[in-house]
Amino acid sequence: MKKHRLLMLPPLQTVAIIFTLLIAVNTFPATAESSSKRVAVATRLNGASIRLDGSLDEDLWEDALYTSGFFQRDPEEGSPSTERTDVAFFYDDQALYVGARLEKSDGNEIIATVSRRDNPGNSEAFIITLDTYHDRRTSYSFAVTATGVRVDYYHASDSEGNRDYSYDPVWEAKVARTEFGWTAEMRIPFSQLRFNDTDSQIWGLNMNRWIPNGNEDTYWVYIPKNETGWASRFGELQGIEAIRASRRVELMPYFASNATVTNDFDEDDPFTDGRELKGRMGGDLKMGVGPNLTFEAAFNPDFGQVEADPAEVNLSAFETFFDEKRPFFIEGSQLLAGNGASYFYSRRIGAAPHGGADGDFINSPDNTTIIGAGKLTGRLSNGLSIGGLGAITSREYANTSTALVEKTGSEIDTLDVRDKVKVEPLTGYGVLRLQQEFGEDHSTAGLSFTGVARDLGESKDLASILNRQAYAGGGDLNVRFRGGEYVLGGAAGFSYIEGDSAAVLRAQRSSRRYFQRPDADHVDVDSSRTSLGGYTYASWFERNGGKHWLWGLGTSGESPGFEINDAGRLRSADDIEGWANLTYRDNKPGKIFRNYSARINTNHGWNFGGVKQNTTASLNLNGTWDNFWSSWAGVWTGFRVKSDALTRGGPLMETLDVWSAWFGTQNSFASNNSWFFNLDYARDELDTWNFNVNGRYGFKPGERWEVSLEPRYSQSIDGRQFITSQGRGAESSRPGATFNRRYIFSWIDRSTLSTQFRLNYSLSPDLSIEVYTEPFASSGRFYDYGELEREGGRLLQTYGREGGTELSIDEDGTRRVTDGGEEFELGNDDFNVLSFRSNAVLRWEWRPGSTFFLVWQQNRAESSDEGSLVGGRDLFDTFNGEGENFFAAKISYWIPIQ
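Everything numeric in this text was worked out from a predicted model, so none of it was measured.

**Some remarks on the nonpolar core**
Then comes step 1: Core analysis: the biggest nonpolar cluster contains 40 residues, and Phe 89, Leu 96, Phe 142, Met 186, Leu 193, Trp 203 and Leu 237 have the highest contact counts within it.
Then comes step 2: Elements supplying a minimum of two residues to this core: β1 (39–44), β3 (85–91), β4 (95–103), β5 (125–131), β6 (139–145), β9 (181–189), β10 (200–211) and β12 (235–241).
Then comes step 3: By size, the runner-up hydrophobic cluster in this structure holds 21 residues, among which are Ala 298, Ile 349, Leu 389 and Ala 507.

Given below as structure tokens:
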């Protein structure tokens, strides 16, 4: 067994620099906490009641203790708000009530549109943020627009921009227009909050008012742009006494039915007649565990209303990772994620079955059924955050039909032979994340662990492709200094997989590590192995606050055997990276820019054999103009290195010198019509190139309408598209070259055109119709096939022109290559792909927490081997593709038990 020759010098140098800087930072004076912290007081109702209508016309609101005094973050940083905002708080045993009077110099100038929940757009809005644990790190935000649209999100860290919109509490808000502006009332049940079990509550508090007229963004506690922090800088909400956190037991059963209609089926297929009807039921349970933790469970969950993934054509060797869109897995996901490796990628749960089946006709499920899933999340009074998740997915089977011809004498009979093939085993997933906060600057230390276990039984086919068990985890540390201005961090972790030798062999040969590389002296393939282990590490030191200069540097690595893709997300292992960046910024408005920044970056990478894999440098420029438009531009360059991935398991291949540049701009967020565009261009030393342009235009034709169009176009010429590898015969003109195998590449002319179209109509904030469509067209024309000339080189020997080879092309595009006395064929790889995906959803929150959905989805596709460049007409042709229509209805009912 070959040993890993770990390249230690760059990481050790980085660590030495980090600890030198750590000593320096410890000599800095600590930032004194302000002695003039702002305070608001909540008043108990004591038998009085509030009619939630947004008008604030009850006598108690007239006599309430109001707080005011908001200050601008934009456009005049630090100046008092141009419009007065007064806010008061009441509470009873069940809820916190918030009343706000929001004055406008001219009430007719209020900019606001009606939209669905969590989609405020650029509407004028009032936001209250509560640090209910008073831990000065985490907080909950509740917002309402001038048309009554509710928005809520969770801040999992001490950053205003860190927002988890999956937080979906049941609360109420109403608004009313007045002669001086508008008013807002909120009712936030204590059952929807987590807080410490004490007689007297002191919560962190901040409030924000967004006024699109003039791009005015004002805060009750204003935090300068050059400084870091969010909850750590809050004022306080005092006066809440003698309330108790309820057990928060909530049930949400659902009932759903759906129909799938397709015109792309074979009439001889015994498994379908083009129509499929299904009905299902399930539910969610949410229950408080003490005052600080919440347990959530989903039984037979349904995600029929979730938007489809965008279309793509992936010609790389690496998996595409799509965003999670299922509500159960999005909510609270930040409590399951830590620094360092991505140990948990929730799209693994319920993914398409891994196994396949053979037959003339095959009926296989599109996704694995989730039998049940549960989560435990929360934060204890001692600063310990807990996130745990468990899920079980069912066994899945494919039904097959195969025609078997039997001859008896002069008679020929055709038999329909049916079979049932297991394509996915019973699987259990477990995830645990613990994070402890410590110190005055709210530093953190965390632990993560994931586990996957599969009941493979006697299925040799599944045992040859799936690990029986997979475990991974690690620890991370984030030490903050001077209120978060400086951060020192580190992470380390492990992975272990176990299974049949065929499955472990598959892992060794996968694109994540390529142990079979013939010129690698630090790894090799062992076909007898039944387990594989690895480790990862990372360290970083950053300055994130300050007037002008910010910087960061760090290192990371994944050993060759590191493997977390049973539950997590990993693109490649056998990597060591070192990086550094330096930023100059100016947030003081001038004659041209309101703010701007310039950032330089450099990255360097090696594998564990000491081979340089990556050397890049870049410059990024960003700025906000005086009219609140924003622009960005940059250049990037990559230098020649030796890649261990280009030949996909073959020898090293040299990359090309390459550069790229980009530019983009967008208009002001406060504008009623929004737009942006971005273009980038790249070129290498072979004069191959890549051009991309994309943009978005959104407008609001009426108070209740939102329309957006987001087109994308790209075209590229790539001279190093991998095709295949195959053995080299003794009669080749170069016997034994490149380890006696051919590593075949081609040039490719690619083009892609797509447009995402969205249309939203809101009858009210609780009743909306949303339409999403994406026509997609992509093409690829392959030409000038050739093979790697020598190991470690960058040049190709082009068939038919070099090395004495001969090339002929058949009418169907098949290429026939003659090399010495050896002949072989290469198929026609040209393609044109058309796809049309759409999603139309009627969403009605018919009572608080209860929702009704009507869904219509389309998925159409067709392909050919033309290889012609795509154009606008191709997008219209996507409507004619074969495919299916999916119709669904789903109703859920929220039942608060306690």
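**Considerations on the confidence of the model for the chain**
Then comes step 1: Per-chain confidence: the chain averages 90 in pLDDT, with 95% of residues scoring 70 or above.
Then comes step 2: Overall, residues 1–35 carries pLDDT values under 50, and its contacts beyond four positions in sequence, including any with other chains, amount to 52 contacts.

**A short note on unusual backbone geometry**
Then comes step 1: Each neighbour pair has its own omega, and for Asp 74 with Pro 75 the value is 0°, a cis peptide bond.
Then comes step 2: The residue Pro 75 is located in the loop between β2 (71–74) and β3 in this model.
Then comes step 3: Not every positive phi belongs to a glycine, and Asn 46 is a case in point at roughly 55°.
Then comes step 4: With respect to the helices and strands, Asn 46 occurs in the loop between β1 and α2 (59–62).
Then comes step 5: Even without being glycine, Tyr 514 reaches a positive phi, approximately 50°.
Then comes step 6: Note on Tyr 514: relative accessible area 6%, which makes it buried.

**Quick notes on the sheet that holds strand β16 (residues 361–363)**
Then comes step 1: Taken in spatial order, the 3 strands line up as β16-β19-β20 in an open sheet, and their pairing is antiparallel. Strand pairing shows two members of the sheet lacking a second neighbour, β16 and β20 (411–424), which therefore form its edges. Taken over all neighbouring pairs, the strand axes of this sheet differ in orientation by 20° on average, direction set aside.
Then comes step 2: Strand direction decides the pairing type here: β16 and strand β19 (residues 396–408), joined by 3 bridges, are antiparallel. Along β19, the bridge assignment pairs Ile 362 with Thr 400.

**A closer look at the pairing of β4**
Then comes step 1: Judged by how many residues are buried, β4 sits mostly within the fold: 8 of 9 residues are covered.
Then comes step 2: Here β3 runs beside β4; their pairing, made up of 7 bridges, is antiparallel. In the sheet register, Phe 89 faces β4, and the bridge partner there is Val 98.
Then comes step 3: Two successive antiparallel strands, β3 and β4, enclose a turn made up of 3 residues.
Then comes step 4: By the bridge criterion, 9 bridges tie β4 to β9 in an arrangement that is antiparallel. Each bridged residue has a counterpart across the sheet, and for Leu 102 the counterpart in β9 is Trp 182.

**Side note on helix α5 (residues 501–509)**
Then comes step 1: Regarding α5, the residues found buried are Ala 503, Val 504, Ala 507 and Gln 508. End-on, the buried residues of α5 take up no more than an arc of 145°, which puts them together on one face.
Then comes step 2: Of the surrounding elements, those touching the buried residues of α5 are α4 (460–463), β24 (486–498) and β25 (531–543).
Then comes step 3: With a side-chain oxygen positioned 2.9 Å from the backbone nitrogen of Ala 502, the residue opening α5 is Asp 500.

**Examining the packing of aromatic side chains**
Then comes step 1: Applying the stated criterion across every chain, the model contains 36 aromatic pairs.
Then comes step 2: Ring centres of Trp 659 and Tyr 681 lie 5.9 Å apart, and the angle between their planes is 55°; on these two criteria the pair is classed as tilted. Linking Trp 659 in strand β33 (residues 658–666) with Tyr 681 in strand β34 (residues 674–684), this pair joins segments that are 22 residues apart in sequence.
Then comes step 3: Overall, the relative accessible area of 41% leaves Trp 659 in the partly exposed class.
Then comes step 4: Tyr 681 gets classed as partly exposed once you look at its relative accessible area, which sits at 26%.

**A closer look at the sheet that holds strand β42 (residues 822–826)**
Then comes step 1: Taken in spatial order, the 3 strands make up an open sheet running β40-β41-β42, and their pairing is antiparallel. Each edge of the open sheet carries a strand with a single partner, namely β40 (806–809) and β42. On average, adjacent strands in this sheet sit at an angle of 20° to one another, irrespective of strand direction.
Then comes step 2: Across 5 bridges, the pairing between strand β41 (residues 815–819) and β42 is antiparallel. Bridge pairing in β42 places Thr 818 opposite Glu 823.

**Things to note about the environment of Asn 694**
Then comes step 1: Within the element layout of this structure, Asn 694 appears in strand β35 (residues 689–699).
Then comes step 2: Along the backbone, Asn 694 and Tyr 535 are 159 residues apart, and their C-alpha atoms lie at a distance of 39 Å.
Then comes step 3: When neighbours within four sequence positions are excluded, Asn 694 is seen to be in contact with Phe 676, Phe 677, Asn 678, Pro 711 and Arg 712.

Analysis parameters
Each chain carries its own residue numbering, running from 1 in the written order of its sequence. With the structure being a predicted model, the display of local features is reserved for residues of pLDDT at least 70 and the display and counting of side-chain atom pairs for 80 or more, all residues being used for whole-chain, interface and lining totals. Where side-chain values are given, they derive from all heavy atoms of the structure, hydrogens and water being excluded. As used here, the term nonpolar core means buried Ala, Val, Leu, Ile, Met, Phe, Trp, Tyr and Cys residues forming a set that is joined through side-chain atoms within 4.5 Å. For the exposure calls, accessible area comes from a 1.4 Å probe over protein chains only, and a residue counts as buried if that area is under 20% of its type's maximum, exposed if over 50%, partly exposed in between. Secondary structure counts use DSSP, requiring at least four H or I residues in a row for a helix and at least two E residues in a row for a strand, with both numbered from the N terminus. The predictor's confidence in any single residue is recorded as pLDDT, a number from 0 to 100. When checking whether two residues touch, look at their non-hydrogen atoms; a contact exists if any pair is within 4.5 Å. We call two strands paired when DSSP finds no fewer than two bridges between them. To obtain each axis, a line is fitted to C-alpha atoms, and for helices this fit is confined to the stretch in contact; angles are then taken between N-to-C directions over 0 to 180 degrees. Throughout, the arc means that of the directions going from the helix axis to the C-beta atoms. Pairs of N or O atoms are called polar contacts if they sit within 3.5 Å, as long as, within protein, a hydrogen donor faces a hydrogen acceptor (for residues adjacent in sequence, only side-chain-to-side-chain pairs). Stacked, tilted and edge-to-face are the three classes applied to pairs of Phe, Tyr and Trp rings, where Trp contributes its six-membered ring and a pair requires centres within 6.5 Å; stacked means planes under 30 degrees apart, edge-to-face means over 60, and tilted covers the rest.

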